[in-house]
Structures are given as C-alpha cells and as structure tokens.
2 protein chains.
Amino acid sequence: MNGAQALLDTLVASGVDVCFANPGTSEMHFVAALDRVPAMRGVLALFEGVATGAADGYARVAGRPAATLLHLGPGLGNGLANLHNARRAHSPVVNVVGDHATYHKRYDAPLESDIEGLARTVSGWLRTSAGAGQVAADAAEAVAAAFGPPGQVATLVLPADVSWSEAPGGAARPVRPAAVPVAAPAAVEEAAKALRSGQPAAILLGGTALRDRGLVAAARLSEATGAKLLAETFPANLARGAGRPAVERLAYLAEMAVAQLDGVRHLVVAGAKPPVSFFAYPGMASDLVPDGCDVHILADLGQDVPAALEALVDALGASAGGTGAGSAGPTVVPASRPGRPAGALDAQTLAAAVGALLPEGAVVVDEGNTSGLFVAGATAGCPPHDWLTLTGGAIGQGLPVATGAAVAAPDRKVLCLEADGSAMYTLQALWTQAREGLDVTTLVLSNRSYAILNMELSRVGAEAGGPLSRRMLDLSGPDLDFVALATGLGVPAARATTADELVTHLERSLAEPGPALVEAVL
Amino acid sequence: MNGAQALLDTLVASGVDVCFANPGTSEMHFVAALDRVPAMRGVLALFEGVATGAADGYARVAGRPAATLLHLGPGLGNGLANLHNARRAHSPVVNVVGDHATYHKRYDAPLESDIEGLARTVSGWLRTSAGAGQVAADAAEAVAAAFGPPGQVATLVLPADVSWSEAPGGAARPVRPAAVPVAAPAAVEEAAKALRSGQPAAILLGGTALRDRGLVAAARLSEATGAKLLAETFPANLARGAGRPAVERLAYLAEMAVAQLDGVRHLVVAGAKPPVSFFAYPGMASDLVPDGCDVHILADLGQDVPAALEALVDALGASAGGTGAGSAGPTVVPASRPGRPAGALDAQTLAAAVGALLPEGAVVVDEGNTSGLFVAGATAGCPPHDWLTLTGGAIGQGLPVATGAAVAAPDRKVLCLEADGSAMYTLQALWTQAREGLDVTTLVLSNRSYAILNMELSRVGAEAGGPLSRRMLDLSGPDLDFVALATGLGVPAARATTADELVTHLERSLAEPGPALVEAVL
C-alpha cells in the first residue's frame, strides 16, 4: 500500500473515521485512497474554513477528533480562523495539510509557501511527515497528540510523495493518548480553605467542568458554601436546560463582567482562565479580577477538572445531606418555556420562539451575537440541550461547527443561531449540510448590520460615527437575501418578518429531518 | 489627531486612497477616522479574502497599492490566500492588520494570536507600529516598501491603542519608493550573445515585460533573431489583443510546457523565473528547462525589465529596419473575432461567445480553469484588452481581483471568467460589486465538478478513482445555483444553457453598466 492508505488505515484504527476535506492536486492520492478505506467518511467542503470549523464542531460533540484535509499553505490559511477557534475550544483536531513533493519544494513553484510557519500559530503538535515509511506512525502520534490533554490541533503536513510512495510497513498501531492527571491535593485544599473562609467567593468553570458531572459537583459546592457559580464567557460545550444545575455565564461586555465579579474575595477557577476583557478599551482594565480578590486555580484544562471539583466537594463535606436540595442532587433548573410569541419580530420575540420550540437533546450552535442576546434566557428551562459558542472570537464559526456537530450526532437536532454578518464568512457550509443530509436548522438573525461593531464604535471611545464610518458597519444596500443564498446552496429556506411567521417556519424546520434555513428579519 | 487619522492622512498623501476593509472592534478608530479623511475611499468586504484579493486586482490595474484593513490574526488568516496570490503577482499592497492594544496582548484574550508569524509568510515588509507617534512614519515606509521593486505585500500591524492615542506629529511626509535599477550590461551582453548564436532560443517574459513596451521590444528581438517568445504561465497582467505583439503562454501542464521548450538551447529570461512544474508528478522532472539548455537571466523583477529588453534590442541592432514588419514596429496580431456561436453550450462555444463580444479595453480576470481552456485562443484577435491570471494558484482569486480591478478602472469593463468550484471560495465579492456599483460581468463556467482535480487524479498516477474519491471532486448533489446566489448578494443574474442564450445574456451584461452575473451551464 502507499503512504496515503497507510495514513488512512492508521487514522481509522485510532478512532478517527471522518475527514472534512477540501483537497487539491497534492492530495489526490489521499482522496484516491478513500476508496480503499471505506471506513473513513470523506465529507467535502467548498471552502477550507468549513472543513476546519466542522472538525471543531465534531470534536466538541463526539469528544474525539475528526481529520481535515487541506491543500497547501493557502488552503491552511483559509482554514486558520476556525482552527483558531478550535484551539480556544481545546478541541482535538487532526489537521492534515498536503504539501508539494519533498523534492519539489526547492523550486519555489507558485503554490510554495511556509506551511509550518502558518500551522505553528494554531497547532499544539506539528510535524511534516518525512516519508511513506513514517507517515503511519506520524498519524498515530497525531491522534494521540490531538487528545492532549487538553485537546488541541495536531497538524500533520503530508508531502505528495509521502502519499504516493510505497509504505511497506502499512498501518501503524494506535498510540494511547496521555492519561488525564488529577489535580494536586494542595490545590484542592487551597480552594477548600477559600470557600470555607466565609468571605464572598465565586467559582469560575470552563471546559470539561461545564458538562453534567462538573456542573453537579459545582452546584453542590455552591449550595454548601454560598459561592457564586460562573461559566467562562464562551464555552465550547455547555450542558444546560431543565433538570441541570444553573450556571451564569460571565458577560462578554467587560462592564457587565465587572459587575458580576464585584465584591468577590476568592475566585476558584476550574478548567478556565482567570477572566480578562475580550478587547481593550481606553481607560478600562484588561484584567477583570477585582482588586483584593485572590485567585485559586483548582485545576486547569490539562487536568481532570470534574474529578477536582468532586474532590473539593469531598473536602468540604458537601456531597450529600449538605445544605442543598437533599442527597439526591443539587438544585436544578425547573422545566419552563416561554409561550409562542406573536406580533412583531424583534430580538425578544425571536428568543421566545426559540424557547418555545427547542427540542430535547438539541445541539445549539450560537453565533447569534447582538440579536441573539435574549435567547439564552428564553431557553434556560427548555428540555436538556447543549450550547456551543464562539470560543475564539473569529466569526464564521457557527455554520461550520453546526455541520460538524450534525455529523457527530446524527440522532440529534442541531439549531444554529447565526448573525447575518457572521454567516457570510463561511456560508458554503450550507452546501455540505445539503449534500450530507445533515439535520441542521439554521436561524439567521438578520439585522442588516455589523450591530456589534456599531456598539463597539461607541465603546472604544471613537466619536459618534459619521456617514462614512457607519457605512462600513452597515450590511444593507444591497440587503442580503438569505433565502436566495440558501436556495442556491441546496438548502430549503423561508423568510419570517413577524413572530408568527417565525414560529411557523421554525416549527416546521425543527420537525422535518435534514437541513433548512429560516431568515428572521429583525 | 489620533494615530488612526495620522495613518490615514499619510496614506492619502502617499497616493494610497482606497482601503478594502473588513474591520472589527480593534479597528474602530481607523473606521471612525474615515469621516475625517474623506479622500480615503473605504470599500467594505464581507470576507477578508475579498479585501485582499481586491487590493491585488487594484494594484495590477492601477500600478499602485491600495490598503487593506483586517481584524487581528483570524482576519489576516482569512485574507492570506489572496495575499499569497498578490505576493506571486508582485502586486504592491499595504496590508493593515489591527491588533489588540499593546498592553492587552499579555492577557492572551480569546482573539490573541501570532499575527507576525502569519504575516511573515506573505509579506516582503512587516512592522508592528510601536506607538501613535510612529504610526504615520510607519505608514509612509509601508507604502514605499510596497512598491519594491518588485512590488510586494507590506504589512503594518496596528495595535488598537496606537490608533486611539494622540499623534502629536500628525501625518508624515511620503517616502519616495526605491528607484528601479537597470539590468547589468553584462547580462545584456550575455543574452545578446546567446541570441546571436544561431542556436534555437526562446525568450521567457514575465511581470512588467508583459505590458506594451516590453512586448514590443521582445517582438523585435524575436523577429530579428528567430527566438521564440513565451510568457510565464500565470501573468499578473498581460497586454494582448489586436494591434499588439503575440506571445504564447507557457502551458500549465508540464507535458505541454516540455513540448513548448523542446529543442531550445538558450533561454533568455526577462522578469520571470526559469520554468518549473506547477506540481510534482511521479516520475516527472520538476525543472522544465530542457537538458543542455543554457539559461540567461536578462533582468529580474527587481529591475527595469522593459528597459533591459530595449537595451537588448539595441545591442542586437534590432530596433528598426530589422527582419520584422518594417521600422514602424514589430508584427502585431490582426483584428479578428469568432462569429456568434449558436447551438449547444460547451467550452468551445463559450469561448466563441466571449471572443465575439469582448469589448475594447476590457480587463479580463481569468479563473476559468479547465472550462476556460479555449477562451484565450478565441479572444487573441479581439480589441486590445488586459488579461489577469491566477498567479499563485490559490483559488478564490477571480471575483475579488475583478472587484479591485473595477475600482481601479471605473471607465473599463471588467469580465471575470470564473470556474464554479473556484467561485465558491470568495463569492461574497459580488456583494461588494453591488454595493459599489462596479462594472463587472462575471461569467461562471459551471461544470459542476472540480474538473481540474478529476484530471489531476489521473495525472498524479492515482488509480482510476472509485465512487468515494470521485464524490470528493463532484460539485453536483446538490447543484449550485449561481443565479440564486448572485441574487442573494444583490447582483442581477441569468442562466444560459445554450450558446444562443449565452450570447444574449453576455451581450446585455456587457452593454449595461454595473455588476451582472451569467451562469453558463456546461
């Protein structure tokens, strides 16, 4: 077999059996090998940012990596923004980037560029495979490296001749990912002491702490000690809804985050980083930890964060019969939904429509930005669901992440809340959803503006924008027609201009399998 | 004034008065300053690859740089592929990338990344501005650096606090670009000797040699010495059409390029690089210079290539009364056009339709790939026009380059030949064309396939693709509907399924000002 087949066989043996691809000439042997390794599912993307974002979404839901297949430096460049988001989500991704044949590179052909230089900016592990005899072992290592902990982007650069040359050793044995270490007893003790102090405390949760096990432990801690529970601003995958403990997300706006943290004397951090402002603003601090507040790192993302939270529960004797709702478990969110809205369509009726209709077990991919502000509140008591956010701030993540999430969970409905401006970065994802028949409903929040930038224009202290600057943040003239765009990409679509229409279209889309798009004109 | 205004004033004073922008929060002061510097035209793109490709197209037609405005590392990442193409086109570009405030970077906020690491891969000049007091001088240097020679991408990283802080010095004086040096007399003499040798010779032209002055000189050389004239495979801007000297482009397919160069004993290279294969193929050489052929570099792109060709004309006494068509000038292409095609629509009737209708002075942006194979031949005798190609091989260049070309030349028609697969990388360019009312006709060559990869799949020696690999190169299921997509982006569009329909739609689009799209279903 050739190197490409040895690589694919190794990936499959290592549990990586989906590849989001946008290939070119240098990857043709990899593509040809798909016919010999049918256990690997190739999913074509029309743009590399779709492939990398889908790999991120897949990893967040499946808990294991997919592979990508990108074409040389420019293909990697097109995929970088969503690899940046995957890096911030700590998603395991096996990022395969084709390269010229090893002997061809010195000729500086038109597509030659510094692939490793680009890949280094997003990758926790990076290797250019040196030959067909090594590529299988490289692939096995890449998979293990992707798992971390914490999860990371592992980039394997694949020269064309490594793919096409004979690989006598064939596939390689999988490499066992590194064990996830437990937190140091001293860190648990320090946190316990802080929470016992009687001073105002908060627990900031991130990463794996935001799944059921971590949330239950954290809720017990909160109930036993009165500590406030906070989630990092942009979680990779937050478990929420009725029957689960509630956790308040730290606000994106620094002013609001400061208010949330006001008066806190001890901040216990589990699977997150101490809070900092998303952007800098003139005259505002970047560090959001209040003056006089001590930060206690219980466990970082390279450690078993839920286990550390449970150890802290034990240290505080908060496991059962504590001050909480009894030994059966901590207080959880009661089931509740808003009624179906009617009348005018605005950010609040839009949120109510989503809250009224969100199906149990849904994966919500949230790139709704300003117009999506009220959706989290309106869905808090919906049946249990997961919430995937824009971890790295590189917009154009929602549609691709929804695509990958749907590949990972074919039995669940994916709802993608997508702002109009953000949608336009990676709209090509809709075509992949159509081709693969993925069960994704995309709700476009169409306010015809980079509304967040209109807000930021004032927040950064720039003078009130004149007509020339306002025009750079305005998405009208011409209006984007998302129904036409979705139709052009093979996804059925409808437009809602009232809350009633939105309920009708959203209900139908959520009831029917397969991709659909609803444009909500706000 | 603040740093942002000092920067904009300096750019305008340096002759840079267009900025293709996709801004974010860290660029809000730059955006706000547009109202105070109205001589700078801000052109909004919905995706960064549109902004960078437009800056490339602008530079190729205007001969001077535009600025870009990109948002942090992910924004730069999205723009890298077309910056790669601009680098290969030697286009001057002032690439402005916003960054976090200098004091904010150490907090590793979600959007923090290694901007310089990314920028280095495409930039000939790179600087992070250190303060508002320096940014104006940095901008003046960036403009001069962009001019080269040869033209290059000059990246100026602009921290948010550099933009918003007071810049007491105001704008900076423009920096004069470096002079373009002339070729060494020894290089001219060596080339003259080679062309006098009587042995089979060819002259390979690239870059500035492919405008009128260089072509006329090269044609005289060819007529005086019998040397074959060849142009580099992917020129940035080739002057062609009736009344201009003919030059044959070196083929993309290495097999065909080998045939074009067969038997050549002396290859004189002017403004190009010695030819290499675009990709490597098993068992084929990367270097396309025939065995036993001597390469003579007359002038590289850092030199005045047309002047070097004229010096060579003088050295050979070929200036007038040579063997050519008399002292009035060299032989030129006679005017001729194909008739309007009728009947079935295929690659040949499509080419004939373009040849029958191409207007004088048109700028043709060619990302037509396989289906565009016959268009160059069918337009060879059309009225004079310019031909802009995919210099760096990073697809998704056509629509953005056409956008920038139209901004640079509002009095000329831009015709963009765009393959369907390639169109999907940067389709958002259509929206900018609509908003700015740009005079671009986009002709989508819709064969519903990555046809070039189907060809490459065989050429690289991969076995005949099975169904799983073929599916990765197939763009049907669902078919892309470019009429719907264009409509969604605000550009009027029509579909042609016969040659007659294509003639009708293309003629109307070319006659009317403003953007339009015609989808040719092949």
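Notes on the structure follow. This structure is a prediction, so every number in the text was calculated from the model and none was measured.

### Section: the nonpolar core
Core analysis: the largest hydrophobic core is formed by 194 residues, its most contacted members being Leu11(A), Phe20(A), Leu11(B) and Phe20(B). The residues touching Leu11(A), leaving out its near neighbours within four places in the chain, are Val16(A), Met40(A), Ala67(A), Val94(A), Ala139(A) and Val143(A). Counting residues in each nonpolar core, the second largest holds 58 residues, with Ala183(B), Val305(B), Ala362(B) and Leu415(B) among its members.

### What to know about the packing of helix H8 (residues 185-196) of chain A against helix H11 (residues 305-315) of chain A
Residue and element names in this part refer to chain A. Where H8 contacts H11, the two axes come as close as 9 Å, and the packing angle between them is 55°. By the criterion of interaxial angle, the relationship of H8 to H11 is oblique. In the crossing of H8 with H11, the sense of the turn from one axis to the other is right-handed. Along the contact surface, H8 presents Val 188, Ala 191, Ala 192, Leu 195 and Arg 196, while H11 presents Ala 308, Ala 311, Leu 312 and Ala 315. When the residues that make up the contact of H8 with H11 are grouped by side-chain class, the tally is eight nonpolar, no polar and one charged.

### Some thoughts on the sheet that holds strand S16 (residues 440-446) of chain A
All names here are of chain A. Read across the sheet, seven strands follow the order S9-S14-S13-S15-S16-S18-S17 without closing on themselves; strand pairing throughout is mixed. Here the strands that pair on one side only, and so sit at the sheet edges, are strand S9 (238-240) and strand S17 (493-496). With direction set aside, neighbouring strand axes in the sheet form an average angle of 20°.

### A short note on the interface of chain A and chain B
Counting residues at the interface gives 99 residues for chain A, matched by 99 residues for chain B. Approximately 8100 Å² of surface area, both sides summed, lies buried where chain A meets chain B, with 64% of it carried by carbon and sulfur atoms. Linking chain A to chain B there are eight salt bridges. A salt bridge links Asp474(B) to Arg435(A); the nearest nitrogen and oxygen atoms lie 3.5 Å apart. The interface formed by chain A and chain B contains 45 residue pairs in polar contact (both at pLDDT 80 or more). For the side of chain A that touches chain B, the secondary-structure elements that each account for two or more residues are helix H2 (28-33), strand S2 (41-44), helix H4 (72-89), helix H5 (115-120), helix H16 (429-436), helix H17 (451-459), helix H18 (467-471) and helix H19 (482-488) of chain A.

### Some points on the relation of the copies chain A and chain B
By a simple turn and slide, chain A fits onto chain B: the slide is 0.0 Å along the axis, the RMSD is 0.0 Å, and the turn is 180°. The superposition operator between the copies reduces to a two-fold rotation axis. Counting the interface residues of chain A, we find that 100% of their copies in chain B are interface residues as well, pointing to one common contact surface.

### Some thoughts on helix H17 (residues 451-459) of chain B
Considered for burial, the residues of H17(B) that qualify are Leu453(B), Glu456(B), Leu457(B) and Arg459(B). One side of H17(B) carries all its buried residues, which in axial view fall inside an arc of 165°. Where H17(B) is buried, its residues touch H2 of chain A together with helix H10 (254-261) and helix H18 (467-471) of chain B. Residue Gly461(B) follows H17(B) closely and has a positive phi angle near 90°.

### Quick word on the environment of His296(B)
Residues and elements named next belong to chain B. With respect to the helices, strands and loops of the structure, His 296 is situated in strand S12 (residues 294-299). Assessed through its relative accessible area of 8%, His 296 is described here as buried. As a C-alpha pair, His 296 and Gly 396 span 100 residues in sequence and 34 Å in three-dimensional space. At 2.6 Å, the side chain of His 296 forms a polar contact with the side chain of Glu 190.

### Regarding the pairing of S2(A)
Residue and element names in this part refer to chain A. Both strand S1 (residues 18-21) and S2 contribute to a ladder of four bridges, which runs parallel. Looking at the pairing, Ala 21 lines up with Leu 44 of S2. This β-α-β element, S1 to H2 to S2, shows right-handed connectivity.

### A look at the packing of aromatic side chains
Taken as a whole and assessed by the stated rule, the structure comprises 13 aromatic pairs over all chains. The interplanar angle of 85° and the centroid separation of 5.5 Å between the aromatic rings of Phe47(A) and Phe47(B) together place this pair among those described as edge-to-face. Linking Phe47(A) in the loop between S2 and helix H3 (48-62) with Phe47(B) in the loop between strand S2 (41-44) and helix H3 (48-62), this pair reaches from one chain into another. Like Phe47(A), the residue Phe47(B) is buried in the burial classification. Plain terms: the ring middles of Tyr252(B) and Phe278(B) are 5.1 Å apart, the flat faces sit at 65° to each other, and that makes the pair edge-to-face.

### Quick word on the pattern of salt bridges
Here the structure, examined in full by the defined rule, presents 48 salt bridges over all chains. A salt bridge links Arg244(A) to Asp212(A); its shortest N-O distance comes to 2.9 Å. Remark: Asp212(A) occurs in helix H9 (residues 212-225) and Arg244(A) occurs in the loop between S9 and strand S10 (248-249); sequence separation between them is 32 residues. Between Asp479(B) and Arg448(B) there is a salt bridge, and its shortest N-O distance comes to 2.7 Å. Remark: Arg448(B) occurs in the loop between strand S16 (440-446) and H17 and Asp479(B) occurs in the loop between H18 and helix H19 (482-488); sequence separation between them is 31 residues. Residue Asp479(B) is classed as partly exposed on the basis of its relative accessible area of 37%. In the salt-bridge network here, residues are joined through shared partners; they are Arg211(A), Asp212(A), Arg244(A), Asp386(A) and Arg412(A).

What counts as what
- Residues numbered from 1 in each chain as written.
- Chains lettered and ligands numbered in written order.
- Predicted model: local features only at pLDDT ≥ 70, side-chain atom pairs only at ≥ 80, totals over all residues.
- Heavy atoms only, no water.
- Core = buried A, V, L, I, M, F, W, Y, C linked by side-chain atoms within 4.5 Å.
- Buried < 20%, exposed > 50% of the residue type's maximum accessible area, 1.4 Å probe, protein only.
- Contact = heavy atoms within 4.5 Å.
- Axes fitted to C-alpha atoms, helices over the stretch in contact; angles between N-to-C directions.
- Helix = DSSP H or I, 4+ residues; strand = E, 2+ residues; numbered from the N terminus.
- Parallel < 35°, antiparallel > 145°, perpendicular 65-115°, else oblique.
- Left-handed = near helix turned anticlockwise from the far one by under 90°.
- Nonpolar A, V, L, I, M, F, W, Y, C, P; charged D, E, K, R; others polar.
- Pairing = 2+ DSSP bridges.
- Buried area = accessible area lost by both parts, 1.4 Å probe.
- Salt bridge = Lys/Arg side-chain N within 4 Å of Asp/Glu carboxyl O.
- Polar contact = N/O pair within 3.5 Å; in protein donor to acceptor, adjacent residues only side chain to side chain.
- Least-squares fit on C-alpha atoms with pLDDT ≥ 70 in both.
- Arc of directions from axis to C-beta.
- Right-handed = clockwise from strand over helix to strand, strands pointing away.
- Phe/Tyr/Trp six-rings, centres within 6.5 Å; stacked < 30°, edge-to-face > 60°.

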